[in-house]
Amino acid sequence: MKRFLFFIVFGLSLTAFAQNEQLAQNYFDRGEFEKALVSYEELLKSQPHNFNYFQRTVECYQQLQQFDKAEKLILERLEMYKQGSFLVELGYNFQLQKNTEKAKKYYEQALDKIRKNHNEVFQIAYAFDKKSLTDYAIQSYELALTLEPKYNFNYQLALLYGQKGDLDTMIEKFLTESYSNPQSLVMVQNQLSRFMNEEANVTFNDALRKALLGRIQKTQDLFWNDYLSWFYVQQKEYSKAFIQQKAIYKRSPESFSNIVNLAQLAMTEGDQEAAQEILQFILENTKDLDLQIKAHTYLIELRIKKAQPADYPAIAQELDLRIKQFGVSPYSLSLLQLKAKFAAFQQNDTETAKFILKNALEMPLKREEIAEVKMDLADILLLEEKFNQALIYYAQVENEGGNSPTGQEASLRVAKTSYYKADFKWAEHQLNVLKSASTQLIANDAMDLYLLISDNTVADSTQTALKKFARADYLLYQNKKAEALQAFQTILKEHKGQEIEPITLLRIGKLEEEQNNIPQAIASYRQIIDQHKECIYVDEATYFAAELYNKTGDAEKAKPLYEDLILNHEDSIYYVDAQKKFRRLRGDKEL
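Residues numbered from 1 in each chain as written. Predicted model: local features only at pLDDT ≥ 70, side-chain atom pairs only at ≥ 80, totals over all residues. Heavy atoms only, no water.

## What about the overall build of the chain?
Operational definition: Working definition: helices are DSSP H or I runs of at least four residues, strands are E runs of at least two. Numbering for both runs from the N terminus. The globule rule used here is 2.2 Å times the number of residues to the 0.38 power, and the radius of gyration it is set against is calculated over C-alpha atoms. Type-normalised accessible area, obtained with a 1.4 Å probe on protein chains alone, sets the label of each residue: buried when under 20%, exposed when over 50%, and partly exposed for intermediate values. For the area figures, the Shrake-Rupley method with a 1.4 Å probe applies, and any residue is considered shielded solely by the protein chains shown.
A tally of regular secondary structure across the chain gives 32 helices and 0 strands. A globule of 591 residues ought to have a C-alpha radius of gyration of about 25 Å, yet the chain, at 31 Å, is considerably larger. Over its C-alpha atoms, taken along the principal directions, the chain stretches across nearly 85 × 65 × 65 Å. Within the chain, the fraction of its 591 residues that count as buried is 48%. As presented, the chain carries roughly 31,100 Å² of accessible surface, and 51% of it is formed by carbon and sulfur atoms.

The structure is reproduced here in structure tokens:
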């Protein structure tokens, strides 16, 4: 019984202690330093060796300008532990009092500690860095390196030189670290990406490109070609990235994996020219049947994306030719799926499409392949307005896939099917879950559709406009673009000024753009920009309008739109691309 009571009391005391710590932190975060000090002094008294409580108590004294008390506490700690980092704390306490002479004296004493024992560099350099004493932190690391050359502080020094604005030295340190310590490559590239995307990135990007080119020329090491390829991918310059991957392949032709990945990336980002160039190279240089099938599939996909109805017979003929060339088997599944989708969505031949896919399901496929074929089959049933049958197939994939990307994609298609048939309540339920999907693209699509439904339900409880809009979207899904455009234009006339108007204008703009009706497309986007400045679609409209002006050579109208997006829509997915294009139009140095 006594033990039981002991555990209860012990548990309660731990809970109270945690609450006191949280209370102290809350006071500190709110700037209520007198209250925070009382709490931290009590916590430090109960746990005198806790560094966090010591640090917070010192900071409270300093915020309240009780520098003598802070000095006393730091000196006690220095006497107790004899660590050089407390000399940094002591110096900083004098710096806050504008006593630079005494501050410098203690900082020099901290550096002397490193001279006597280079192992102290870790705590001392960290303490200098925490106090934003960048030069002293750099000095600490470089001093330790003269004493023990085996140390590697490239990463830490790179960050410090970056804080100083010495970008050339930062780049040099980061690149040296990448090469000498390959496991840190991703971490380094993440840091470089951050600098590449910042406001002053033109100078930085140029410096990084030159540094990489310099290393390629000096060493001829393929590591640097791959690094430069990565750099161009960040810039979305896939043709330039391909030049580097081609150079790697010519000297090391063992694998096509990086080149195939680059082709897929170029396709995803809409750089069809680069994708086509890369895929042709793959076909010319590989005997691997799987890669050949993949390359042919991607090339035909690219043809379909920009095809007009007059091109369909030639595309169908090529699909048949490739299927005949590689045979009907699990290996040619990607071609069979493409043939089915093309038959259904471009040639309006859903029976042939279903026949191909049902036959494919009879083949010995992998679990993931079965899921893909079932989704394609559901897509075609949805095309035929067989909503319930489509939902059965989607639900099968959803149940079997769980939280995998395939399972979440199936869930999204269930939600879209419910939306098309105006079952908005169930669609909203599905989308609410998918907003936090692990795949960003799915999460974004789910959020967009969720907001469309919820915003237009709040504005119109009868959902009259939303039902018409969902029907127009379904016509788009069916590839009936002329009918969809007419439906959206009707919505615009019948529901002018309502919540549905800006998204309707956006749809009309994209349809006009696809039909190369550029003035009409721009007019739709400008209407959103001018009349719906507060809506969630204004960044898209701004970017699309800027793109059209840019492509048609009207730089003077494109430039202010890109600038507006940069200044007022920092969270837009088009922000980085708008920065790059604005600088190019402004005449900044090209990379």
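## With respect to empty space enclosed by the protein
Worth spelling out the cut-off: For each structure, a 1 Å grid was placed over the protein atoms alone; sets of points admitting a 1.4 Å probe that cannot get out are labelled cavities, open sets with protein on both sides within 12 Å along at least five of seven lines are labelled pockets, and lining residues have an atom within 4 Å of a point. Grid points are joined across faces, edges and corners, and a volume is the space filled by probe spheres set on the points. In this count, Pro and Cys sit with the nonpolar residues alongside Ala, Val, Leu, Ile, Met, Phe, Trp and Tyr, while Asp, Glu, Lys and Arg are called charged and the others, Gly among them, polar.
A complete count under the given rule lists 1 cavity of 30 Å³ or more for this structure. There is about 30 Å³ of room inside the largest cavity. Elements with a minimum of two residues in the lining of the largest cavity: α16 (272–285) and α17 (289–305). At 4 residues, the largest contribution of residues to the lining of the largest cavity is made by α17. Here the residues of the lining of the largest cavity sort into 6 nonpolar, no polar and 1 charged.

## Digging into the environment of N285
As a reminder of what qualifies: Residue contacts are defined here by distance: any two heavy atoms, one from each residue, within 4.5 Å place the two residues in contact.
Along the chain, N285 turns up in helix α16. Looking at N285, the relative accessible area reads 31%, which means it is partly exposed. For the pair N285 and Y227, spaced 58 residues apart in the sequence, the C-alpha separation amounts to 23 Å. Those residues within four positions of N285 in sequence are excluded, and the remaining contacts are Y249 and F256.

## Focus on the side chain of K131
Convention followed: Any N or O atom pair separated by 3.5 Å or less is treated as a polar contact, with the protein-specific requirement of one donor-capable and one acceptor-capable atom, and with residues adjacent in sequence counted only for side-chain atom pairs.
Mapped onto the elements, K131 comes out in the loop between α7 (121–130) and α8 (134–147). A polar contact of 3.3 Å, which involves the side chain of K131, links it to the side chain of E89. Contacts of K131, omitting those with residues within four sequence positions, involve Q55, V88, E89 and Y92.

## Topic: the layout of surface pockets
Put simply, the second largest pocket is a space of about 570 Å³. As for the second largest pocket, its lining consists of 23 residues, and the residues nearest its centre are Q55, E59, E89, K130 and K131. Of all the secondary structure elements, the ones that give two or more residues to the lining of the second largest pocket are α3 (51–63), α4 (67–81), α5 (85–96) and α7. The class makeup of the residues in the lining of the second largest pocket is 9 nonpolar, 9 polar and 5 charged.

## Description of helix α29 (residues 518–531)
Each α-helix turn comprises 3.6 residues. Residues three or four places apart therefore point the same way. So the rule is basically this: Given a helix with a known number of residues, its expected span is that number minus one, times 1.5 Å. As used here, the arc is the angular range of directions from the helix axis to the C-beta atoms.
Compared with the 20 Å implied by 1.5 Å per residue over 14 residues, the 20 Å span of α29 between its first and last C-alpha is a close match. Along α29, the residues that are buried comprise I518, A521, I522, S524, Y525, I528 and I529. The arc that holds every buried residue of α29, seen down its axis, measures 155°, which confines them to one face. Buried residues along α29 sit against α28 (501–514), α30 (538–551) and α31 (555–568).

## A look at the confidence of the model for the chain
Operational definition: A residue's pLDDT is the confidence the predictor assigns to it, expressed on a 0 to 100 scale.
Of all residues in the chain, 95% attain a pLDDT of 70 or more, and the chain-wide mean is 92. Low pLDDT, under 50, characterises residues 4–17; the stretch is placed with 4 contacts to residues that sit more than four places away or in other chains.

## Side note on unusual backbone geometry
The backbone phi angle of A422 is positive, close to 65°, even though this residue is not glycine. Position of A422 among the secondary structure elements: in the loop between α23 (405–420) and α24 (424–434). Despite not being glycine, N516 shows a phi value in the positive range, around 65°. For N516, the position within the fold is in the loop between α28 and α29.

## Some remarks on the packing of α4 against α5
Where we set the bar: Axis definition: a line fit to C-alpha positions, over the contact stretch in the case of helices; interaxial angles, taken between N-to-C directions, run 0 to 180 degrees. By the definition adopted for this analysis, an angle is roughly parallel if under 35 degrees, roughly antiparallel if over 145, roughly perpendicular if from 65 to 115, and oblique otherwise. Each helix crossing is assigned a hand: it is left-handed if the near helix lies turned anticlockwise from the far helix by less than a right angle, otherwise right-handed if that turn is clockwise.
In contact at an axis separation of 9 Å, α4 and α5 are set at 165° when each is read in the N-to-C sense. The orientation of α4 with respect to α5, classified from their angle, is roughly antiparallel. As for how α4 packs across α5, the hand of that crossing is left-handed. Facing α4, whose interface residues are F67, A70, E71, I74, L75, R77, L78 and Y81, α5 presents F86, L87, E89, L90, N93, F94 and L96. Looking at the contact of α4 with α5, its residues break down into 11 nonpolar, 1 polar and 3 charged.

## Let's talk about the nonpolar core
Our working rule: Side-chain atoms within 4.5 Å link the members of a nonpolar core, which is a set of buried Ala, Val, Leu, Ile, Met, Phe, Trp, Tyr and Cys residues.
Ranked by size, the top nonpolar core spans 101 residues in total, and within it Y419 and L452 carry the most contacts. Ignoring anything within four residues of it in the chain, the contact list for Y419 reads F424, A427, L449, L452, I453, L466, F469, A470 and D473. Formed by 92 residues, the second largest nonpolar core is a distinct cluster that contains I124, L133, L157 and A263.

## What about the environment of A521?
Inspection of the secondary structure puts A521 in helix α29. Residue class for A521 comes out buried when judged on its relative accessible area of 0%. For the pair A521 and N359, spaced 162 residues apart in sequence, the C-alpha to C-alpha distance is 43 Å.

## Some remarks on the side chain of T286
Mapping T286 onto the fold places it in the loop between α16 and α17. A relative accessible area of 8% means that T286 is categorised as buried. A polar side-chain atom of T286 sits 3.1 Å from the main-chain amide nitrogen of D288. Leaving out residues up to four positions away in the same chain, T286 has contacts with F256, L291 and Q292.

## Considering the packing of aromatic side chains
Using the following cut-off: Under the pairing criterion, centres of Phe, Tyr and Trp rings, with the six-membered ring standing for Trp, must be within 6.5 Å; the plane angle then separates stacked pairs below 30 degrees from edge-to-face pairs above 60, leaving the rest tilted. Placement of a charge over a ring requires the Lys NZ or Arg CZ to be within 6 Å of the ring centre, with the centre-to-atom vector within 35 degrees of the ring normal.
With the rule as written, the count across this model stands at 41 aromatic pairs. Between F231 and Y232, the ring centres sit 5.4 Å apart and the planes meet at 65°, which makes this aromatic pair edge-to-face. Of the two residues examined, F231 and Y232, each falls in the buried class. Ring geometry for Y420 and Y474: centres 5.5 Å apart, planes at 55°, overall tilted. Of the two residues, Y420 is situated in helix α23 and Y474 in helix α26 (residues 464–477); the sequence distance between them amounts to 54 residues. Classification of Y474 as buried rests on a relative accessible area of 0%. Aromatic rings pair up to connect F345, F387, Y419, Y420, F424, Y474 and Y477 into one cluster. Looking at R56, its charged tip hangs above the ring of F28, at a distance of 4.2 Å from the centre.

## A closer look at the packing of α23 against α24
Helices that pack against each other are described as a pair by the angle of their axes relative to one another and the distance between those axes. In contact at an axis separation of 8 Å, α23 and α24 are set at 155° when each is read in the N-to-C sense. Considering the angle they form, α23 stands roughly antiparallel to α24. Handedness of the α23/α24 crossing: left-handed. Residues Q408, S411, L412, V414, A415, S418 and Y419 of α23 pack against F424, W426, A427, Q430, L431 and L434 of α24. Classifying every residue of the contact of α23 with α24 gives 9 nonpolar, 4 polar and no charged.

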